[in-house]
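# Coordinate inspection notes
Here are the chains, one letter per residue:
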Amino acid sequence: MGIKVEFNPDLALRNIEEFNKGNRRIEECIPPNIEVGKIYNFLKKDQRNYWLFGEIPLIETKGNEILSRPRAGIIILEATHFIENNEIFTKGRYKIIKILQDKEIYFEGFDKIGTRDY
């Protein structure tokens, strides 16, 4: 038996409607009207590792790896693993750095546009 850990290059949260319908906790969803500079809480099932030393995309997930384009550039401020009802979760806080427009390209691979010299 091994230790199951997922490495995530982005933070994928649900649409706020999932909370409004009672399907998800508020921390599992992208808050409505996110604001640059504001700090929000997140909650993900399973043990997940995030890059903490730079900006990553905030994306919306519908589940089953159905993902949106990046909605914002964020920095994960903290991430903690814990057990609740015999299930492991990852919770933490993230700060909004930039809100992205629908077709705006802000990341290139794992880098922000303009950070590479080519």
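Preceding block: the structure.
The structure displayed is predicted, hence computed values, not measured ones. (Residues numbered from 1 in each chain as written. Predicted model: local features only at pLDDT ≥ 70, side-chain atom pairs only at ≥ 80, totals over all residues. Heavy atoms only, no water.)

### Let's talk about the nonpolar core
Leu11, Leu58, Ile74, Ile76, Tyr94 and Ile96 are the most contacted members of the largest nonpolar core, which has 14 residues in total. Contributing elements (two or more residues each) for this core: strand S2 (11-13), strand S3 (39-45), strand S5 (55-63), strand S7 (72-84) and strand S8 (87-99). It is S7 that contributes the most residues to this core, three residues altogether. (Core = buried A, V, L, I, M, F, W, Y, C linked by side-chain atoms within 4.5 Å. Buried < 20%, exposed > 50% of the residue type's maximum accessible area, 1.4 Å probe, protein only. Helix = DSSP H or I, 4+ residues; strand = E, 2+ residues; numbered from the N terminus.)

### Quick notes on unusual backbone geometry
Phi is positive for Asp46, close to 85°, though the residue is something other than glycine. Here Asp46 is to be found in the loop between S3 and strand S4 (48-50). Even without glycine at this site, Glu65 takes up a positive phi of about 60°.

### Structural notes on the pattern of salt bridges
Counted according to the given criterion, the structure contains eight salt bridges. Here Glu6 and Arg48 are joined by a salt bridge, their closest N and O atoms 3.2 Å apart. In this pair, Glu6 is assigned in strand S1 (residues 6-8) and Arg48 in strand S4, connecting sequence segments 42 residues apart. A relative accessible area of 12% means that Arg48 is categorised as buried. Between Glu78 and Arg93 there is a salt bridge; the shortest N-O distance is 3.0 Å. Highlighted residues: Glu78 in strand S7 and Arg93 in strand S8, separated in sequence by 15 residues. For Arg93, a relative accessible area of 31% gives the class partly exposed. (Salt bridge = Lys/Arg side-chain N within 4 Å of Asp/Glu carboxyl O.)

### A short note on the side chain of Thr90
Counting through the fold element by element, Thr90 comes out in strand S8. Judged by relative accessible area, Thr90 falls into the buried class, the value being 0%. For Thr90, the side chain forms a polar contact with the main-chain oxygen of Asp46, separated by 2.8 Å. Once you skip the residues sitting within four places of it in the chain, Thr90 turns out to touch Phe42, Leu43, Lys44, Asp46, Gln47, Arg48, Tyr50, Ala79, Thr80 and His81. (Polar contact = N/O pair within 3.5 Å; in protein donor to acceptor, adjacent residues only side chain to side chain. Contact = heavy atoms within 4.5 Å.)

Geometry only, nothing functional implied.
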